[in-house]
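One-letter residues, chain by chain:
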Amino acid sequence: MKKNVNWKKAMIAVPLSVGLLLPAYGVANAEDHGSHGDHMTSVSTPASDLRASLDALLSEHAFLAVVAMQKGIDGAEDFEQAAGALNENTDDLSAAVASVYGEEGGAAFKEIWSSHIGYFVDYVTATAEDNEEGRQQALAELDEYTVEQAAFLDTATESRLKAAELEAGLKMHVEQLVWAFDNYVAGDFEKTYENLRHSIEHMYSPGKGLSWAITDQFPEKFENTSVDTPAADLRSDLNHLFSEHAALAILAMQKGIDGAGDFDASAAALGGNTTDLSAAVASVYGEEGGAQFEEIWSSHIGYFVDYVVATAEENEEGKEMALAELEEYKVEQAAFLETATEGRLKAEDLEAGLQMHIDELLKAFNSYNEGDYETAYNTIREAYAHMFDVGEMMAGAIVDQHPEKFAEEKPSDMPNAGMGGAATTGMNPAIMWSIAGVISAIVAMAVIARRKLGNQQ
């Protein structure tokens with residue numbers, strides 16, 4: 001294993017650049033709700049922005065790594081572009097580290113981080129060659145990687161993050177990706193996508209832990225704000241669900257047009273994402289409320305499926321019908337959200353955001369289907385990043401609407417971010433209550449609208 005013997009020296013007294021120069025995962029187009037006043041009830045603070053940016057990059061890494069490994073073992077035409085997107089994610093993550101710990105620190109991080117991607121490639125190659133010795137060698141190198149990466153982060157954060165705990169968390173990340181790949185090769189697609197979802201979710205724990213360590217290390221650079229507040233947790237939960245939706249939708253559309261054996265499992269994973277949102281509603285408003293929400297939310301997923309089917313059948317009329325249905329969905333959803341948030345989110349702005357989401361998914365799919373894989377993967381990254389804007393916007397509206405639900409004081413020491421284990425599952429009851437409050441209003445309006453439509457007909 002190649003070692004960067006100078007990284008510990010590079011981490012000593014490294015300069016902090018002026019502000020955190022994170023990649024272009026910003027929220028400039030989102031409404032600035034919740035960004036003023038009490039930091040405890042603010043969704044958009046310097047600290048929560050840092051946490052969201054790290055969440056975006058780390059979770060995207062897990063998603064792209066699984067996709068690249070699948071493409072690699074399949075010998076797919078888009079493997080190089082999938083691997084390229086994963087490498088671009090590494091560049092962005094390394095730039096974020098460099099913006100805090102200097103160019104030498106960023107370069108040292110990149111060398112170590114890139115190594116584990118290389119070892120995954122070795123594992124895929126050895127699997128393709130049925131080389132058990134090569135597989136075991138790759139796993140051994142991944143074990144060494146977890147030790148070196150953990151030591152780097154322990155040193156960089158001045159032991160705010162402990163090497164032993166980091167090793168456990170990194171080992172879990174490695175195991176989840178290996179399990180997702182091994183199950184894919186074995187044809188156990190249900191477990192494949194279960195591991196994929198766990199892999200994505202788990203990365204929100206190091207995102208929270210690392211952002212806490214940085215803001216604790218350099219509090220003045222983040223206006224003494226905290227990453228560990230109920231409002232920041234809400235934003236993170238929504239970011240997770242929305243971005244995972246985009247990732248799984250794009251992957252399912254690829255599998256659908258390819259007629260892949262794991263299409264059903266990929267679609268089921270997308271359905272699981274929907275179920276998670278519906279469960280939050282059902283826990284407050286009962287099974288009927290959850291079922292109503294699930295029907296509404298699922299409709300636009302169904303329209304994307306219609307588009308894929310029509311594309312496969314070369315049915316232009318069917319494609320146009322699906323686009324028309326997505327257009328209707330966009331207008332209806334925007335109107336519901338404006339009413340639900342009591343005008344905090346404007347229908348016109350929401351329509352533009354929803355149209356962007358629709359356009360990105362369609363562009364990613366069409367480019368993939370046409371063999372323009374570079375455009376496809378550039379668009380996949382854009383679509384994934386965009387959902388973090390949506391999460392911030394929605395969270396800001398909810399917190400502004402129900403500030404008393406997010407005024408809870410939290411400890412200033414390191415949050416229980418699961419650095420040594422799986423990400424904590426399940427939402428805070430206050431968060432579920434607030435999300436369900438918005439959703440229940442949407443459900444109620446949907447029922448009223450349908451009744452009116454029925455009466456008119």
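Check the entry above for the structure.
Conventions we followed
- Residues numbered from 1 in each chain as written.
- Predicted model: local features only at pLDDT ≥ 70, side-chain atom pairs only at ≥ 80, totals over all residues.
- Heavy atoms only, no water.
- Helix = DSSP H or I, 4+ residues; strand = E, 2+ residues; numbered from the N terminus.
- Contact = heavy atoms within 4.5 Å.
- Areas by Shrake-Rupley, 256 points an atom, 1.4 Å probe, with all protein chains shown as cover.
- Salt bridge = Lys/Arg side-chain N within 4 Å of Asp/Glu carboxyl O.
- Buried < 20%, exposed > 50% of the residue type's maximum accessible area, 1.4 Å probe, protein only.
- Axes fitted to C-alpha atoms, helices over the stretch in contact; angles between N-to-C directions.
- Parallel < 35°, antiparallel > 145°, perpendicular 65-115°, else oblique.
- Left-handed = near helix turned anticlockwise from the far one by under 90°.
- Nonpolar A, V, L, I, M, F, W, Y, C, P; charged D, E, K, R; others polar.
- Expected span 1.5 Å × (residues − 1).
- Core = buried A, V, L, I, M, F, W, Y, C linked by side-chain atoms within 4.5 Å.
- Polar contact = N/O pair within 3.5 Å; in protein donor to acceptor, adjacent residues only side chain to side chain.
- Phe/Tyr/Trp six-rings, centres within 6.5 Å; stacked < 30°, edge-to-face > 60°.

*Asks:* A description of the overall build of the chain should follow, citing residues and the corresponding values.
*Replies:* A tally of regular secondary structure across the chain gives 13 helices and zero strands. Put simply, 78% of the contacts in the chain that link residues at least 6 apart link residues at least 24 apart. For the chain, the exposed surface amounts to about 19200 Å²; the carbon and sulfur share of it is 51%.

*Asks:* Tell me about the pattern of salt bridges, and name the residues and values.
*Replies:* With the rule as written, the count across this model stands at 24 salt bridges. The partner of aspartate 92 in a salt bridge is arginine 381, with the nearest N and O atoms 3.0 Å apart. Linking aspartate 92 in helix H3 (residues 79-128) with arginine 381 in helix H12 (residues 373-401), this pair joins segments that are 289 residues apart in sequence. Residue lysine 330 pairs with glutamate 327 through a salt bridge whose shortest N-O separation is 2.9 Å. Of this pair, lysine 330 and glutamate 327 both sit in helix H10 (residues 316-340), separated by three residues, roughly a single helical turn. Sharing partners across several salt bridges, the network here consists of Arg51, Lys208, Asp228 and Asp233.

*Asks:* Go over the side chain of threonine 311 with me, naming the residues and quoting the values.
*Replies:* Within the secondary structure, threonine 311 is located in helix H9 (residues 263-312). Assessed through its relative accessible area of 10%, threonine 311 is described here as buried. Non-local contacts of threonine 311, meaning those with residues more than four positions away in its chain, are made with Ile257, Lys319, Phe365 and Asn369.

*Asks:* If you had to explain the packing of H3 against helix H4 (residues 132-156) to someone new, which residues and values would you point to?
*Replies:* Contact pair H3 / H4: the axes reach a minimum separation of 9 Å and the direction vectors enclose 160°. Taken together, the axes of H3 and H4 lie roughly antiparallel to each other. In this structure, H3 meets H4 at a crossing whose hand is left-handed. Each residue belonging to the contact of H3 with H4 can be placed in one class, and the counts come to 15 nonpolar, six polar and four charged.

*Asks:* Describe in detail helix H8 (residues 230-258), supporting the description with residues and values.
*Replies:* End to end, H8 covers 42 Å across 29 residues, agreeing with the expected 42 Å (1.5 Å per residue, within 8%). The element H8 is extensively covered by neighbouring structure, given that 26 of its 29 residues are classed as buried. Phi turns positive, to about 65°, at glycine 259, one or two residues after H8.

*Asks:* Explain unusual backbone geometry residue by residue, including any values.
*Replies:* Most peptide bonds take the trans form, and the phi angle of most residues other than glycine is negative. Of note in the backbone geometry, aspartate 130 takes a positive phi value of approximately 55° without being a glycine. Tracing the sequence through the fold places aspartate 130 in the loop between H3 and H4. Judged by its relative accessible area of 71%, aspartate 130 is exposed.

*Asks:* Go over the nonpolar core with me, naming the residues and quoting the values.
*Replies:* Phe63, Trp113, Leu196, Ile214 and Tyr377 are the most contacted members of the largest nonpolar core, which has 112 residues in total. Filtering out sequence-adjacent residues up to four positions away, isoleucine 214 remains in contact with Leu50, Leu54, Val100, Tyr101 and Phe222.

*Asks:* Describe H10, with residues and values.
*Replies:* For H10, built from 25 residues, the straight-helix expectation of 36 Å at 1.5 Å per residue is met to within 8% by its first-to-last C-alpha distance of 36 Å. Taken residue by residue, H10 has Gly318, Lys319, Ala322, Leu326, Tyr329, Lys330, Gln333, Ala334, Phe336, Leu337 and Ala340 as its buried positions. Taking the backbone nitrogen of glutamate 317 as reference, a side-chain oxygen 3.2 Å away marks asparagine 315 as the first, capping residue of H10.

*Asks:* Break down the side chain of threonine 127 for me, with residues and values.
*Replies:* Here threonine 127 is to be found in helix H3. The buried category is assigned to threonine 127, whose relative accessible area is 16%. Of the polar contacts made by the side chain of threonine 127, one reaches the backbone oxygen of tyrosine 123; its length is 2.8 Å. Discounting chain neighbours no more than four positions away, the residues touching threonine 127 are Ile73, Arg135, Phe181 and Val185.

*Asks:* Just give me the short version of the environment of aspartate 154, but keep the residues and values in it.
*Replies:* Mapped onto the fold, aspartate 154 is located in helix H4. A relative accessible area of 14% means that aspartate 154 is categorised as buried. Non-local contacts of aspartate 154, meaning those with residues more than four positions away in its chain, are made with Ser159, Leu161, Lys162, Ala163 and Leu166. At a separation of 2.6 Å, a polar atom in the side chain of aspartate 154 contacts the side chain of serine 159.

*Asks:* A description of the packing of aromatic side chains should follow, citing residues and the corresponding values.
*Replies:* The relative placement of two aromatic rings is captured by the distance of their centres and the angle of their planes. According to the stated counting rule, one finds nine aromatic pairs in the structure shown. With 6.3 Å between their ring centres and 0° between their planes, phenylalanine 63 and tyrosine 384 make a pair best called stacked. A residue pair is termed long-range when its members are at least 10 positions apart, and phenylalanine 63 in helix H2 (residues 46-74) and tyrosine 384 in helix H12 qualify at 321 residues. What makes phenylalanine 63 buried here is its relative accessible area of 3%. Judged by its relative accessible area of 2%, tyrosine 384 falls in the buried class. Of the aromatic side chains, those joined through ring pairs into one cluster are Phe63, Tyr384 and Phe388.

*Asks:* Kindly report on the environment of leucine 54, identifying the contributing residues and their values.
*Replies:* Position of leucine 54 among the secondary structure elements: in helix H2. Taking the C-alpha atoms as reference points, leucine 54 and leucine 210, separated by 156 residues in sequence, lie 8.1 Å from one another. In this structure leucine 54 touches Leu93, Gly207, Leu210, Ser211 and Ile214, once residues within four positions along its chain are discounted.

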